[in-house]
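Take a look at the letters that make up each chain.
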Amino acid sequence: MAVIWCFSQVKGAVDDDVAEADIISTVEFNHSGELLATGDKGGRVVIFQQEQENKTQSHSRGEYNVYSTFQSHEPEFDYLKSLEIEEKINKIRWLPQKNAAQFLLSTNDKTIKLWKISERDKRPEGYNLKEEDGRYRDPTTVTTLRVPVFRPMDLMVEASPRRIFANAHTYHINSISINSDYETYLSADDLRINLWHLEITDRSFNIVDIKPANMEELTEVITAAEFHPNSCNTFVYSSSKGTIRLCDMRASALCDRHSKLFEEPEDPSNRSFFSEIISSISDVKFSHSGRYMMTRDYLSVKIWDLNMENRPVETYQVHEYLRSKLCSLYENDCIFDKFECCWNGSDSIVMTGSYNNFFRMFDRNTKRDITLEASRENNKPRTVLKPRKVCASGKRKKDEISVDSLDFNKKILHTAWHPKENIIAVATTNNLYIFQDKMN
Amino acid sequence: MAAALGTGGRGQEAGQEKQAMQHKDPIAPERAEELKLKAKYPNLAQKPGGSDFLMKRLQKGYFDSGDYNMAKAKMKNKQLPSAGPDKNLVTGDHIPTPQDLPQRKSSLVTSKLAGTHGQV
């Protein structure tokens, strides 16, 4: 592959004893790539900002340092249903920047919040009726008047919740997606998709409802949903049965009938107990161009052309060697792990995570692929990452790792690619790695 | 993890597969794994995608609301004679209520991603 990946930074605690709250649950670059947000199981959001490029250090791009951190969601208890509502952040999505402030949507299982992140670098001084420390002055002691002025102060970054979109989901929210009209967004749970206006919190429109009249007839659930990047009337949602439905909101108010159904025909001779489970789509992402979409199921990544419903145009095997381990992966629940996937800025390379802190990239043009590892072993900046190889069976070559030695507790579920540069963010269980391509 | 319901009908297929193994025909890896699983859990449901499987997925949380409501009803009718030694409630049978749960503290600690320890 033309890109040579190097270690850049790692964030998070070194110790192996991971507190549950520190488990990273989502990673997302903003539209310019200057900001990188993470969400965790403890309901916290941490935002990193890329430093301005240093002119003297032309061989590396700016580092990401902490910009803001706040508690987005707290644990709640639903007394009506006797259920605890986790504070885990399932998804973060950035709004495009319209003014000096930044806005993002963050969601847990039940509630979506719009957060405003703003900078304050000036403060007013010289009030007539207040001392500098805030105490009120006795008006009778004021003998002259002065005009208060703004003076510079140390940069303060404040996060405040501007909208809370609650009580619209009976089931667990798995996706949020902002429309290209920048006014509306969708939220999807296991059985329903709702459409919201960013300004309106007390109302949302249900646009997809796949709940059967009799729950005994339930055969599939919604696993992910996304708006088309350019067509504000189009969105897709994926299912636990490996299908993707494309819907057009102009067709009807309730989009229960799809406009397109994307499904790869199954080879009946290959069917097994595991077939449906491993065909469940864990993530769906449109390409930046809007012409393609990518889906991730347990063992592969598939690229679909929106003009062709009957099969994907490209299929990439992420870790085919796991097909002969499905029994144990079912027993330890790993078969239900939800891996995400992402495109690079030019839609030429796709990336997804695997086990043993490995992650994979597929170059759509050269058809070459690479396996890299997120590890603290070679964590000097600009250390080139060494490609990894898993030995499926037979004699293990030097530097290869055998399937049985893979650590299935070290999973990379969340990865993100800078919208313009070759900079990637890879989340292990509780650490965030940033890799960049070697320049010069 | 094994769901206990059976919906019938794959017994004949399994028999045929066993024959295939005896004749040393190559089996697809997925099928081989399926046979392994069925050997370990003979009561496994034939179809994993059934509604019970999915409904389990839809409900997360500490409580089975059925158990909770039954326990609430029991507590209302305290004067009813109970069969067992109700004075010595086995801990395992005690259905917790929201009041019994220790208050879940939100994460007041700053995320370690934002700290400086371990950063490079």
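Here, residues in each chain are numbered from 1, in the same order as that chain's written sequence. Chains carry letters from A onward and ligands carry numbers from 1 onward, assigned in written order. This being a predicted model, a pLDDT of at least 70 is required before a residue's local features are given, and a value of 80 or more before pairs of side-chain atoms are given or counted; all residues contribute to the totals for chains, interfaces and linings. In computing side-chain properties, one takes all heavy atoms of the structure into account and sets aside hydrogens as well as water.

An unreviewed UniProt entry annotates chain B as Alpha-endosulfine originating from Melopsittacus undulatus. UniProt's Function (unreviewed entry) comment on chain B is quoted here verbatim: "Protein phosphatase inhibitor that specifically inhibits protein phosphatase 2A (PP2A) during mitosis." UniProt positions are given in the numbering used here, feature names are shortened, and annotations may be inferred rather than shown by experiment.

Named according to an unreviewed UniProt entry, chain A is Serine/threonine-protein phosphatase 2A 55 kDa regulatory subunit B originating from Melopsittacus undulatus. Note on chain A: under the UniProt heading Sequence similarities (unreviewed entry), the record states "Belongs to the phosphatase 2A regulatory subunit B family."

This part takes up the nonpolar core. All names here are of chain A. One finds Tyr298, Leu322, Leu329, Tyr330 and Ile335 to be the most contacted residues of the largest nonpolar core, which totals 23 residues. Strands here mean DSSP runs of E at least two residues long; helices mean DSSP runs of H or I at least four residues long; both are numbered from the N terminus. At the level of secondary structure, the elements contributing two or more residues to this core comprise α1 (275–279) and α2 (326–331). If you look at the next biggest cluster of nonpolar residues, it comprises 19 residues, including Val10, Cys342, Leu372 and Val426. Here, nonpolar core refers to any group of buried Ala, Val, Leu, Ile, Met, Phe, Trp, Tyr and Cys residues whose side-chain atoms link them within 4.5 Å. Relative accessibility thresholds used throughout: buried, under 20% of the residue-type maximum; exposed, over 50%; partly exposed, between the two (1.4 Å probe, protein chains only).

This brings us to the packing of aromatic side chains. Residues and elements named next belong to chain A. Two rings from Phe, Tyr or Trp (for Trp, the six-membered ring) form a pair when their centres are within 6.5 Å of each other. A pair whose planes differ by under 30 degrees is stacked, one over 60 is edge-to-face, and the rest are tilted. Within the structure shown, the criterion is met by 21 aromatic pairs over all chains. Look at phenylalanine 165 and tryptophan 196: their rings are 5.2 Å apart centre to centre, the planes differ by 70°, and that puts the pair in the edge-to-face class. Highlighted residues: phenylalanine 165 in strand β11 (residues 149–165) and tryptophan 196 in strand β14 (residues 192–197), separated in sequence by 31 residues. This pair shows no difference in class: phenylalanine 165 is buried, exactly as tryptophan 196 is. With 5.0 Å between their ring centres and 25° between their planes, tyrosine 316 and phenylalanine 362 make a pair best called stacked. With tyrosine 316 in strand β23 (residues 314–317) and phenylalanine 362 in strand β26 (residues 358–363), the pair connects residues that are 46 residues apart, well separated along the chain. You can call tyrosine 316 buried: its relative accessible area is 9%. With a relative accessible area of 3%, phenylalanine 362 lands in the buried category. Aromatic ring contacts, followed pair by pair, group Phe7, Phe359, Tyr433 and Phe435 into a single cluster. Geometrically, a lysine NZ or arginine CZ counts as sitting over a ring once it is within 6 Å of the ring centre and also within 35 degrees of the ring normal. For lysine 130, the ring lying beneath its charged end belongs to tyrosine 127, and the centroid distance is 5.0 Å.

Turning our eyes to something else, we now look at the environment of A:Cys327. Residue and element names in this part refer to chain A. On the secondary structure map, cysteine 327 appears in helix α2. Here cysteine 327 falls in the buried class, since its relative accessible area comes to 2%. Linking cysteine 327 and phenylalanine 274, residues 53 residues apart in sequence, is a C-alpha distance of 8.7 Å.

Below, the discussion takes up the pattern of salt bridges. Two side chains bearing opposite charge may form a pair once their charged atoms approach each other closely. What makes a salt bridge here is a side-chain nitrogen of Lys or Arg within 4 Å of a carboxyl oxygen of Asp or Glu, nothing more. One pass over the structure, following the stated rule, counts 34 salt bridges over all chains. When the shortest N-O distance is used, the salt bridge between A:Asp248 and A:Arg250 registers 2.8 Å. By relative accessible area, which is 17% here, A:Asp248 ends up buried. For A:Glu264, the salt bridge is made with A:Lys302, and the minimal N-O distance between the two is 2.9 Å. Separated by 38 residues along the polypeptide, A:Glu264 in the loop between β19 (260–262) and α1 and A:Lys302 in strand β22 (residues 300–305) bring together distant segments of the chain. For A:Lys302, a relative accessible area of 17% puts it in the buried group. What you see here is one network of salt bridges that share partners, running through A:Asp22, A:Asp40, A:Arg44 and B:Lys112.

The next subject is the sheet that holds strand β10 (residues 112–125) of chain A. Residue and element names in this part refer to chain A. Strand order in the open sheet formed by four strands is β8-β9-β10-β11, with antiparallel pairing between adjacent strands. Edge positions in the sheet fall to β8 (91–94) and β11, since each of these pairs with one other strand and no more. Taken pair by pair, the neighbouring strands of this sheet meet at an average axis angle of 25°, ignoring direction. Paired strands, in this sense, are two strands between which DSSP finds at least two bridges. Bridge count between β8 and strand β9 (residues 102–107): four bridges; the pairing is antiparallel. Paired with tryptophan 94 across the two strands is leucine 104, which belongs to β9. Only the stretch in contact is used when fitting a helix axis, every axis being a line fitted to C-alpha atoms; angles between N-to-C directions are given from 0 to 180 degrees.

With that settled, the discussion passes to the confidence of the model for chain B. Residues and elements named next belong to chain B. This prediction gives chain B a mean pLDDT of 60; 25% of its residues lie at or above 70. The secondary structure element of chain B with the lowest average pLDDT is helix α1 (residues 11–22), at 43, and the one with the highest is helix α2 (residues 29–40), at 90. Of the regions scoring below 50 in pLDDT, residues 1–24 engages in 30 contacts with residues more than four places distant in sequence or in other chains. A low-confidence stretch, residues 78–91 stays under pLDDT 50, and its non-local contacts, those more than four residues away or across chains, total one contact. For this predicted complex, the interface confidence comes out at an ipTM of 0.77, alongside a pTM of 0.85. Note on scores: pLDDT gives the predictor's confidence for each residue, bounded by 0 and 100. Working rule for contacts: check all heavy atoms of both residues, and any pair within 4.5 Å makes them a contact.

Residues and elements named next belong to chain A. With respect to the helices, strands and loops of the structure, arginine 151 is situated in strand β11. For arginine 151, a relative accessible area of 43% gives the class partly exposed. Sequence spacing of arginine 151 and isoleucine 176 is 25 residues, and the spatial spacing of their C-alpha atoms is 40 Å. Ignoring any residue separated from it by four or fewer positions in sequence, one finds arginine 151 in contact with Asp121, Lys122, Arg123 and Glu125.

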